[in-house]
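# Residue-level structure breakdown
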Amino acid sequence: MNPLLDSVAQAIMACNRKAAKVATQAALDASLDAETVLAALMRGMEDVGQRFKANRIFVPEVLVAARAMKTSLGLLEPHLVASGVQATHKIVICTVEGDLHDIGKNLVAMMLQGANFEVIDLGTNVSARVVIDAAIEQKADLIGLSSLLTTTMPAMRDTVARIKDSAFNGPVMVGGAPVTERFAAEIAADGYSPSAAYAVDLACRLVAA
Amino acid sequence: MISSIAPSTARMTKREIITAVLQGQQPDYTPWSFRFTQEPEAHLCQHFGCEPEDLLAHTGCHILELGSPIGFFEDIGNNRFRDVFGVVWDRSQDKDIGLPENQLLAEPEDLGNYTLPDPCDPRFFADIKRRTERYPDRFRLFTLGFSLFERAWTLRGMEDLLMDFIEEPDFVHALFEKIADYNIAQVKEALKYDIDAVYYGDDWGQQRGLIMGYDRWKEFIYPQLQRMYGVVKDAGRFQFIHSCGDVDELFPDLIDIGLNCFNPFQPEAMDVYEIHRDYRDRLSFWGGLSTQSTLPYESAATVRAESRKLLEMGRAGSFIFSPSHSVESDVPFKNILAFIEEAHAQPAAAGQI
């Protein structure tokens, strides 16, 4: 691999924001193809995701790596647009109505961006109507819903039911501390992830199906 | 600590029973102490025909919680409440605590200009005398919530604080030290009263594993806990901690620095029976009844069966029965009555209701 691209990937793996910015700029200054720089960033984030799943690194590292990725993507974006490179898939993501807790949802959003998903983050406390309208309007491939509280799990059930009754035909994935595989199956969600680390794999599987 | 049979609980006060259980003695029955969020508490008061202050007399809870675990708030309108630290909490959804809306420490440099409020605010201690006189037979627990990591993220923001562990370690150490100093000052004041234990609340866990990982917990949080627990141990009182989530990997360290009792003991995050068996000679547990699945979603019969199993486990000592969180508004009322009745139905507890 080109040493400049390797530096990009290594900076993400090392969870070093400054190094990622410097390495990305250096790769662009050397006129490397924007898509190959993006691939290097994604390789770095994939490594971060693998280590997170294996409990070798934790939320602080993932947050810093994701911010590093975001900074680099900011530098890269004009070049990607100029080259006509687009995100692989688009996801609409939020916490369900009544739930303001968003760190899990934010982690999933960051990790999906690292896997070249375009993430439409609707934030917290989002009604079923707003989710459905955004997913249809944005032509999303997938919806992701999060709930931290048992008291907001009924809203998750209701939101999934209303999505299934709507004109949006894509899959819905769910997660959050009290959410279980059994509950996800019960409410007819298409996928459940027990943690942010597995959510990327799940999203890729659902959009590939 | 070697388990031994406690003297007959019929002659003991609730305060003495909890003390015996924390010392590893086997009680005649498993003591209990429950917590409720606003709606279930109101429902229970209606059920028993009492005021919130009198609820303890009806539930028979063994622990009298003193102090003000989440501090004092000023209603600033629009479901927003400002605490004495300056944090504005959005209670539009969660009516009991809420979520911080502002970021007092926008940059690490802001710490130098930030002054914590008075840790010895008289309001923390104002009701100790009155409440201990009202319930003289209960175990007296001085509670201090948002005690370190949580206080830090309410001031700095969760995501920024987590990244600071990596990018601004000196700031995190300084912030934690400042918060621990505040806690220690408040606890030293509390120890002037006839209390039995100090309870810190600080969530470190996720459903699986620690938020920040063990190494960072040990580097940043443990040294401050060591100082905080040390003050309580030196005064000869018991030390409690509340941390939600999957944190049992920390038990050996926490025991080393003097922890006596762990709450909330969530069955979804850890195998409560296995952990109790493995640690009960060194650590007691308070909680155990599933609030994520059983209480909101299962039948009263299932609640009773799970309660009886936990109460039986507690006969070995080192256990205080309770739901593993303050009971939320989504729990059917018949399920609330079910676990209360099961605790009361223990034959040897008859004189304690």
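Now for a quick tour of the structure. (Residues numbered from 1 in each chain as written. Chains lettered and ligands numbered in written order. Predicted model: local features only at pLDDT ≥ 70, side-chain atom pairs only at ≥ 80, totals over all residues. Heavy atoms only, no water.)

## Overview of the overall build of chain B
Assigned secondary structure in chain B consists of 13 helices and 13 strands. Principal-axis analysis of the C-alpha atoms gives chain B an extent of 60 × 45 × 40 Å. Looking at chain B as a whole, 59% of its 353 residues qualify as buried. The long-range fraction of contacts in chain B, counting pairs at least 24 apart against all pairs at least 6 apart in sequence, stands at 69%. Once the 34 positive and 57 negative side-chain charges of chain B are each reduced to a mean point, those two points are 7 Å apart. (Helix = DSSP H or I, 4+ residues; strand = E, 2+ residues; numbered from the N terminus. Buried < 20%, exposed > 50% of the residue type's maximum accessible area, 1.4 Å probe, protein only. Contact = heavy atoms within 4.5 Å. Lys, Arg positive; Asp, Glu negative; His and termini not counted. Charge placed at Lys NZ, Arg CZ, Asp CG, Glu CD.)

## Observations concerning the interface of chain A and chain B
Facing 21 residues of chain A, the contacting portion of chain B comprises 27 residues. Buried area between chain A and chain B, summed over both chains or domains, comes out near 2100 Å², and the portion from carbon and sulfur atoms is 60%. By the criterion of area lost to chain B, the three top residues of chain A are Pro-60, Leu-100 and Thr-150 of chain A, representing 25% of everything that side buries. Where chain A packs against chain B, one counts five salt bridges. Note that Glu-159 of chain B is salt-bridged to Arg-67 of chain A, the shortest N-O span being 3.6 Å. Summed over the shared surface of chain A and chain B, the result is eight residue pairs in polar contact (both at pLDDT 80 or more). Going through the elements one at a time, helix 4 (59-83) and helix 5 (103-114) of chain A are the ones with two or more residues in the side of chain A that touches chain B. Sort the elements by how many residues they give to the side of chain A that touches chain B and helix 4 of chain A lands first, with six residues. Looking at the side of chain A that touches chain B, its residues break down into eleven nonpolar, six polar and four charged. (Buried area = accessible area lost by both parts, 1.4 Å probe. Salt bridge = Lys/Arg side-chain N within 4 Å of Asp/Glu carboxyl O. Polar contact = N/O pair within 3.5 Å; in protein donor to acceptor, adjacent residues only side chain to side chain. Nonpolar A, V, L, I, M, F, W, Y, C, P; charged D, E, K, R; others polar.)

## Some words on helix 6 (residues 158-167) of chain B
Of all the positions in helix 6 of chain B, only Glu-159, Leu-161, Leu-162, Met-163, Asp-164 and Phe-165 of chain B are classed as buried. Where the residues of helix 6 of chain B are buried, they touch helix 2 (17-29), helix 4 and helix 5 of chain A together with helix 5 (149-156), helix 7 (169-190) and helix 8 (214-234) of chain B.

## Some points on unusual backbone geometry
The omega torsion of the bond from Asn-263 of chain B to Pro-264 of chain B falls at 15 degrees, within 30 degrees of zero and hence cis. Mapped onto the fold, Pro-264 of chain B is located in the loop between strand 11 (261-263) and helix 10 (272-279). Positive phi, normally seen in glycine, also occurs at Lys-139 of chain A, with a value near 55 degrees. Here Lys-139 of chain A shows up in the loop between helix 6 (128-137) and strand 3 (142-146). Despite not being glycine, Asn-79 of chain B shows a phi value in the positive range, around 60 degrees. With respect to the helices and strands, Asn-79 of chain B occurs in the loop between strand 4 (73-77) and strand 5 (80-83).

## As for the packing of aromatic side chains
All names here are of chain B. If you walk through the whole model with that rule in mind, you get 29 aromatic pairs over all chains. Summarising the aromatic geometry, the rings of Phe-73 and Trp-89 are spaced 6.3 Å apart at their centres and angled 80 degrees between planes, so their arrangement reads as edge-to-face. One end of the pair, Phe-73, is in strand 4; the other, Trp-89, is in strand 6 (residues 88-90), and 16 residues separate them in sequence. By relative accessible area, which is 25% here, Phe-73 ends up partly exposed. Residue Trp-89 is classed as buried on the basis of its relative accessible area, which comes to 1%. (Phe/Tyr/Trp six-rings, centres within 6.5 Å; stacked < 30°, edge-to-face > 60°.)

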